[in-house]
Every structure is written in C-alpha cells, then in structure tokens.
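# Topology and contacts: notes
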Amino acid sequence: MIETRSNNILTQAVVADPPPLLSIKDLRVWFELRRWAFSRAGYVRAVDGVTFDLGYGEAIGVVGESGCGKSSLMKTILGLNIPTSGSVTFEGQEVARLDRKGLRWYRSNIGYVQQDPFGALAPFMNVQRILEEKLIVGGIQSPAERLERIRKVMGEVKLHPADDYLEKFPHMLSGGQQQRVVIARAMLLEPKLIVADEPVSMLDASVRVEILKLLRGLQESHNLSVIYITHDLSTVRYFSRRIFVMYAGQIVEKALVDDLLNNACHPYTQALLTGTSEPDAANARTFKEIPPGEPPSLVNPPAGCRFHPRCARAIAGLCDKEQPPETSPAEDHLVSCWLVQK
Ligand code: SF4
C-alpha cells in the first residue's frame, strides 16, 4: 500500500508540467488620456486581459493587425510599460516587484530584435562599439572577454570573418547585415528569451527567409524561448510552436500552429488566413485580405465581442451584448467566439 502511494507520488512528480519561463496573468495595460492636466478623458485599453505561459525553449507567434495591442504587450514584457493590473512573471519573479538589480538580471535575460534594424543601430557607432555597449551595460568589464564574446556571436549570426565588419558603421551594411548585428546584440548576454518584433517586415524579400532561418537556428541551438510578433501568418508558421491571435487588446484564439492553420475557429483568424502565402524569395507576398472595416477604438471598444462590427457571422442580440467565453474546441486550442462550443 505504502509502495503504491509512493509510486503515485513519484508518477505525479514526473508528469507535472515544468514551471514556465514566462507567465502572463490577466494582464491589462491601459494608458490614461487627459484633456487638460487634471481632466481624465478615458483610457486606451491597449492590452485588456491577456493570459498565457511560455515554456523554456518554446517559440510562440503573436499575430494581429496594427493597433491590436501586440506592441504594447511586447513593451510590457520588455519592462518598458507598467501593467495596470495583472502580472508578468519571469522564472517565478514578478517583474513589477523587481528592484534595480533584479531588473538588470531580467533585462539581461531578454534579447530584443527590432523591426527596423537601421533605426535600431546608433549611426555614429561602428559595429564593435554597438556590440560592446551592450556588454558594458550587462556588466562585462574585461575588454578581452567582450571582444571574444563579440567574435563568437558574430560567427553565430554569420557575420564572418568578424574583422570585416567590426569597423563598419550601420550605413555601410545591407539591411540583412544590419539585422544580423541587431540579432547579435540581442544574443550577446546569452538571454533565455528573445522578443522579435516584426523582424523581417522591413527587409528585402530575398533576405527574409535567411533571417528567419537564422532565428530558428539560434532558437534550437540555444534552447531559446521566442516571442515572435507579426502581422504576417505566412512567416509565423516558420518557427513558432503556438500562435496567439490578438484583436483589440485581447487574445481571441490560441492553438498549436498546425491546428490553427488547418482548423481556425474564430472568424477573425479565418479572415487573416485568407491569402496567406509561403515566405520565399520568389513569392514574398504577405496577406492583405483582412476583414473589411477598421479595428475598433481602444478607448471605447465595442460591447460584447469586440469583433462584432466587422464580423459577417455576428449573432444580433448576443455578440453585440455579451463577451464570448473562452472555449476549447480541441486540446491546446482556445477560442473566444459564441459560434464555438466546447
Ligand atoms: Fe463573430 Fe460573434 Fe464570434 Fe464575435 S462572437 S467572432 S461577433 S460570431
């Protein structure tokens, strides 16, 4: 009897889910609008009740149109926005409660890959200075160690031989090379999480696939967790395990990549999938066929389902009045739509 109970305990310990690297719980990020200094005009509800976990080594894609709240979500994860409510927890530490030393630890564990590589690199610094700055801020005191790390990571992002690039300024590099420098900078402090904000949208079609392959290779070789933010479902499938679809500050559908691409349930996701193409150099078209109409104001979002003014399948008297609950049509698949039953 005792043995059986012990075995049960052992089995439970083995099958228990490992703790996530990052945990977002009911996150709200609202920005106050003011008419005059003492007159509040309302709030921009940029992120409004987002919850998800990100595992070690897991890559997720966050997809949605401009203004859906994905950039505000990203900035909050980076520690640049303060949550209005809810929490961001990294390795068990709630980010909003970290002191200066804790924030330094947190930021050294997150690499950020910006959308516009040229804008992300100081034009008056050469590549070596740009990369050294990151290491100095990260507390690497030894110049020899800094140079060794820089050479190593430049090899990893395929900027080799490193000596050919160290003295160059950003304007002397191609767009693809600039983005490799941005990725190198993000990798320098050996982070556990990379946040990539539309990392290929401003690059020539011919180099997009190379940069996506590079990110995927780094993710696999370093067991990195990645949050890939994009408006383009054709690239997110490239290396994400799960896709989250955001609309008007909320996640309306989340599922494993194949499940979402083949069995999308939410009318908004279905519309986004229309016209999506493979991201190759010869066919670099990205989807354009988003639903007609504009995303709603985040100051006064529509009552009920926020998508109802644009939804061809909206149920009058229900969708425009009550927010749909989150239901699970399949394992690891959640959707917020009145049309979807458990
Ligand atoms: Fe459309 Fe209603 Fe579903 Fe919203 S809840 S997506 S309005 S059918």
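As a reminder, the structure under discussion sits directly above these lines.
These lines cover the structure that appears in this document, whether it is placed above or below. (Residues numbered from 1 in each chain as written. Predicted model: local features only at pLDDT ≥ 70, side-chain atom pairs only at ≥ 80, totals over all residues. Heavy atoms only, no water.)

## A few points about the site of the ligand
Convention followed: Throughout this document, a residue counts as near a molecule or strand when at least one of its heavy atoms sits within 4 Å of that molecule or strand. Three classes are used, and their members are as follows: Ala, Val, Leu, Ile, Met, Phe, Trp, Tyr, Cys and Pro are nonpolar, Asp, Glu, Lys and Arg are charged, and the others, Gly among them, are polar.
Close to the ligand lie 13 residues, the nearest being Cys305, Cys311, Cys319, Cys337 and Trp338. Within the shell around the ligand, the residues separate by chemical class into ten nonpolar, two polar and one charged.

## Considering the packing of aromatic side chains
Under the convention used in this document: Working definition: rings of Phe, Tyr and Trp (its six-membered ring) pair if their centres are within 6.5 Å, and the pair is stacked with planes under 30 degrees apart, edge-to-face with planes over 60 apart, and tilted otherwise. Only runs of H or I of at least four residues qualify as helices and only runs of E of at least two qualify as strands under DSSP, and these elements are numbered from the N terminus. Each residue's exposure class comes from its accessible area (1.4 Å probe, protein chains only) as a fraction of the maximum for that residue type: buried when under 20%, exposed when over 50%, partly exposed otherwise. Lysine and arginine charges are scored as sitting over a ring when NZ or CZ, respectively, is within 6 Å of the ring centre and within 35 degrees of the ring normal.
Evaluated as defined, the whole model comprises seven aromatic pairs. Pairing Trp30 with Tyr43 gives two aromatic rings, centres 5.6 Å apart and planes at 50 degrees, and the pair type is tilted. Remark: Tyr43 occurs in strand β2 (residues 39-54) and Trp30 occurs in strand β1 (residues 22-36); sequence separation between them is 13 residues. A relative accessible area of 25% means that Trp30 is categorised as partly exposed. Through a chain of ring-to-ring contacts, three or more aromatic side chains come together here, namely Phe90, Trp105 and Tyr106. Above the face of the Trp30 ring, Arg45 is positioned so that its terminal group lies 4.4 Å from the ring centre. Positioned over the ring face of Phe244 is Lys254, at 5.7 Å from the centre of the ring.

## Some remarks on the nonpolar core
Let me state the cut-off plainly: Throughout, nonpolar core names a set of buried Ala, Val, Leu, Ile, Met, Phe, Trp, Tyr and Cys residues whose side chains join them through atoms within 4.5 Å. Any two residues having at least one pair of non-hydrogen atoms within 4.5 Å are treated as being in contact.
Ranked by internal contacts, the top residues of the largest apolar core, which has 61 residues, are Met154, Ile183, Leu233 and Ile243. Each residue touching Ile183, except ones within four places of it in the same chain, is listed here: Val113, Val157, Ile211, Leu214, Leu215 and Leu218. If you look at the next biggest cluster of nonpolar residues, it comprises 29 residues, including Ile77, Ile110, Ile227 and Ile229.

## Here's the deal with the sheet that holds strand β10 (residues 250-256)
Applicable threshold: Pairs of strands are assigned from DSSP output, requiring at least two bridges between the strands. Helix axes use the C-alpha atoms of the stretch in contact, all axes being lines fitted to C-alpha atoms, and the angles between their N-to-C directions lie in the range 0 to 180 degrees.
Spatially, the eight strands line up as an open sheet ordered β6-β7-β8-β3-β9-β10-β12-β11, and their pairing is mixed. Strands with a single pairing partner mark the edges of an open sheet, and in this sheet they are β6 (110-113) and β11 (326-330). Neighbour-to-neighbour, the strand axes of this sheet turn through a mean angle of 20 degrees, independent of strand direction. Two elements, β10 and strand β12 (residues 333-336), share two bridges in a ladder whose sense is antiparallel. Within β12, the position partnered with Lys254 by the bridge is Leu334. Those strands touched by helix α7 (residues 175-187) are β6 and β7 (193-197), and its axis lies near 170 degrees from that of β6.

## Digging into the pattern of salt bridges
The cut-off we apply is this: Just to be clear on terms, a salt bridge is a Lys or Arg side-chain nitrogen sitting within 4 Å of an Asp or Glu carboxyl oxygen.
With the rule as written, the count across this model stands at 15 salt bridges. A salt bridge links Lys25 to Asp53; the shortest N-O distance between them is 3.7 Å. Taken together, the residues Lys25 in strand β1 and Asp53 in strand β2 connect sequence positions 28 residues apart. We classify Lys25 as partly exposed; its relative accessible area is 41%. A salt bridge links Arg28 to Asp26; its shortest N-O distance comes to 2.8 Å. Where salt bridges share partners, they join Asp26, Arg28, Asp48 and Arg306 into one cluster.

## Description of the environment of Ser39
If you trace the backbone, Ser39 turns up in strand β2. Judged by its relative accessible area of 16%, Ser39 is buried. What Ser39 contacts, discounting residues up to four positions off in sequence, is Leu33 and Arg34.

## Re unusual backbone geometry
Between His160 and Pro161 the backbone carries a cis peptide bond, its omega angle lying at 0 degrees. Note that Pro161 resides in the loop between α6 (143-156) and α7. One non-glycine residue, Glu198, lies in the positive phi region at around 45 degrees. With respect to the helices and strands, the residue Glu198 is situated in the loop between β7 and α8 (205-222). Phi at Ala248 takes a positive value of approximately 50 degrees, unusual for a residue other than glycine. Structurally, Ala248 is set in the loop between β9 (242-247) and β10.

Note that all results are geometric; they support no functional claim without further evidence.
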